[in-house]
Amino acid sequence: MPYDLSRYRGLQNIMPDTNPIPELAGDNLTSLQSHILAEERRYPGATGDFSWILSAIALATKTIANKVRRARIDDVLGDFGDNRNVHEEQQQKLDVIANEIIKACLGARANIGALVSEEDEEPTVLRTHADGGRYAVLFDPLDGSSNLDFSVGVGTIFSIIRLEDGHATGGEQAVLRKGARQVAAGYVLYGSSTVFVLTTGNGVDMFVLDQSIGAYVLVKSKLKIPDGTKIYSINEAYTQRFPQDIREYLAWAHETNYTSRYIGSMVADVHRTLLKGGVFLYPPTNDRAEGKLRLLYEANPMAMVIEEAGGRAIARGRRILDIVPESLHQRTPVILGGAEEVDHVERFLNP
Ligand code: P6P
């Protein structure tokens, strides 16, 4: 017999000016854990693999959120020596810390065959498919970390794919799968609150970390990206280096009373786009023909979230999720957001 919620509503009648149990989004208090288990029950014969991996990501990101919040107190801000990652970018101390936390949490999950991180040149192969390695998790442990020193929102981006048994090793070739093959994707934004956004292919759900109980609680289900929002998000400092078609779009947007919003941290810019609408662009420039963002663990997961929320995510006029990867850390231009907003950009793109 399900709990009679009328009593709860009665509570609201007694305290009409407050919501006595704010954690009850809608009529239920749902944690990420219970949400994942409920999702799992939609698939008869599900093995529980999924919740096992997502719970590891939840644990890792709660730990990272704590590190991020205490970074200045614990003196872990700033450069990690003069270490550079595979992209020749200066590593931040917290990049390395977040990377190790995620690998420690995921490495313990017996159904993960391989981990791919922005911070590691090669995949970390944990076990072969024959030994139970059924999934690979690809992630950017702390995207936007150069913004940490001034407390701008940074985030973890993750993508989960199934490893085919044809690729026993879980090495690079096993994980070069187009984004349409992702079984789950999402991000955690370490901002004014810690927000976990997840899709498993059945819409987009949003959770917020309730510090008082140490759990991610569901706050919005089946998010849909608003259309008709006149916001574009791009680093206009590069305008002279953008292709002509992007410059023509920007000129149109200026004449059409668009507002510009650019944080310079992909997770924060995409999260605003998901909730408010508009379009986020990281186009090619004359010195970066493929743009800056990486396909496997930045563009693909964000594209799955945006498409599941009813938006579009394209690169050079085609779905980002249809791009067949050729290398682990390859980059791709990114244009994503509300479907109409992406359509407006697409009208200017040269084929
Ligand atoms: P730019 C952060 O370094 C990052 O990878 C993304 O989070 C962000 O969208 C982009 O780079 C910002 O790059 O060239 O505008 O500083």
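Provided above is the structure to which this section pertains.
This is a predicted model, so every value here is computed, not measured.

K.L.:
Please clarify how the sheet that holds strand E15 (residues 318–319) should be interpreted in this entry.
P.N.:
In sheet architecture, strand pairing relies on hydrogen bonds along the backbone and comes in two forms, parallel and antiparallel. Strand order in the open sheet made by the six strands is E12-E11-E13-E16-E14-E15, with mixed pairing throughout. With partners counted over all chains shown, the strands left at the sheet margins are strand E12 (259–260) and E15, one partner each. Alignment of strand E14 (residues 312–315) against E15, held across two bridges, turns out to be antiparallel. Pairing of Ile314 across the sheet is with Arg319, part of E15. Packing against the sheet, helix H6 (residues 244–255) makes contact with strand E11 (231–233), strand E13 (279–282) and strand E16 (334–337), and its axis sits at approximately 145 degrees to E11. Helix-sheet contacts for helix H7 (residues 266–276) involve E11, E13 and E16, and the interaxial angle to E13 is about 150 degrees.

K.L.:
In this structure, what is going on with the pattern of salt bridges? I would like to understand it.
P.N.:
Side chains bearing opposite charge may pair, as long as their charged atoms lie close to each other. Enumeration over the complete set of coordinates arrives at 13 salt bridges. We note a salt bridge from Arg272 to Asp269, for which the minimum N-O separation is 2.9 Å. Highlighted residues: Arg272 and Asp269, both in helix H7, separated by three residues, approximately one helical turn. One exposure class covers both Arg272 and Asp269, and it is buried. The salt bridge partner of Glu290 is Arg316, with a shortest N-O separation of 3.1 Å. Taken together, the positions of Glu290 in the loop between E13 and helix H8 (295–308) and Arg316 in the loop between E14 and E15 put the pair 26 residues apart, joining distant regions of the chain.

K.L.:
Would you mind showing me how to read the nonpolar core here?
P.N.:
Side chains of a nonpolar character, in soluble globular proteins, are inclined to be buried together. In terms of nonpolar packing, the biggest core is built from 41 residues, with Ile57, Leu106, Val137, Leu142, Ile160 and Phe196 touching the most fellow members. No other element matches helix H3 (residues 49–69), which puts 10 residues into this core. Counting 31 residues, the second largest nonpolar core, distinct from the first, contains Val197, Met206, Ala313 and Ile323.

K.L.:
When you look at H7 in this model, what are you seeing that I'm missing?
P.N.:
Two residues of an α-helix separated by three or four positions point the same way, owing to the 3.6 residues in each turn. Among the 11 residues in H7, nine count as buried, and that is most of the element. Looking only at H7, the buried set comprises Met266, Val267, Ala268, Asp269, Val270, His271, Arg272, Thr273 and Leu274. Just downstream of H7 lies Gly277, where phi reads positive at about 95 degrees.

K.L.:
Quick question: what am I supposed to make of the pairing of E14 here?
P.N.:
Two faces make up the sheet, and in a regular strand the side chains alternate between them. In the sheet, E14 pairs with E16 via three bridges, with the strands oriented antiparallel. Bridge pairing links Ile314 to Ile335 in E16. In textbook terms, the turn of a hairpin is the stretch between consecutive antiparallel strands, and for E14 and E15 this stretch comprises two residues, one of which, Arg316, has a positive phi near 55 degrees.

K.L.:
What is the right way to read the packing of aromatic side chains from this model?
P.N.:
By the definition in use, this model includes nine aromatic pairs. Geometrically, the ring pair formed by Tyr249 and Phe348 is edge-to-face, given 6.0 Å between the ring centres and 70 degrees between the ring planes. Of the two residues, Tyr249 is situated in helix H6 and Phe348 in the segment after helix H9 (339–346); the sequence distance between them amounts to 99 residues. Like Tyr249, the residue Phe348 is buried in the burial classification. Between Trp252 and Tyr258, the ring centres sit 5.3 Å apart and the planes meet at 55 degrees, which makes this aromatic pair tilted. Across this residue pair, the class does not change: Trp252 and Tyr258 are buried. Connected via pairs of aromatic rings, a cluster forms that spans Phe158, Phe196, Phe207 and Tyr216. Over the ring of Trp52 we find Arg109, and its NZ or CZ is 4.1 Å from the ring centre. Of note, Arg347 hangs over the ring of Trp252, and the distance from its end group to the ring centre comes to 5.3 Å.

K.L.:
Would you explain the packing of H7 against H8 in this entry?
P.N.:
Working note: a packed helix pair is described by the angle between its axes plus the distance between those axes. At their nearest, the axes of H7 and H8 sit 11 Å apart, and the two run at 15 degrees to each other. Relative to H8, H7 is oriented roughly parallel. Of the two possible hands of crossing, H7 and H8 adopt the one that is right-handed. Within the contact between the two elements, H7 uses Met266, Val267, Val270 and Leu274 and H8 uses Glu298, Met302, Val305 and Ile306. Classifying every residue of the contact of H7 with H8 gives seven nonpolar, no polar and one charged.

Cut-offs used in this document
Residues numbered from 1 in each chain as written. Predicted model: local features only at pLDDT ≥ 70, side-chain atom pairs only at ≥ 80, totals over all residues. Heavy atoms only, no water. Pairing = 2+ DSSP bridges. Helix = DSSP H or I, 4+ residues; strand = E, 2+ residues; numbered from the N terminus. Contact = heavy atoms within 4.5 Å. Axes fitted to C-alpha atoms, helices over the stretch in contact; angles between N-to-C directions. Salt bridge = Lys/Arg side-chain N within 4 Å of Asp/Glu carboxyl O. Buried < 20%, exposed > 50% of the residue type's maximum accessible area, 1.4 Å probe, protein only. Core = buried A, V, L, I, M, F, W, Y, C linked by side-chain atoms within 4.5 Å. Phe/Tyr/Trp six-rings, centres within 6.5 Å; stacked < 30°, edge-to-face > 60°. Lys NZ or Arg CZ within 6 Å of the ring centre and 35° of its normal. Parallel < 35°, antiparallel > 145°, perpendicular 65-115°, else oblique. Left-handed = near helix turned anticlockwise from the far one by under 90°. Nonpolar A, V, L, I, M, F, W, Y, C, P; charged D, E, K, R; others polar.

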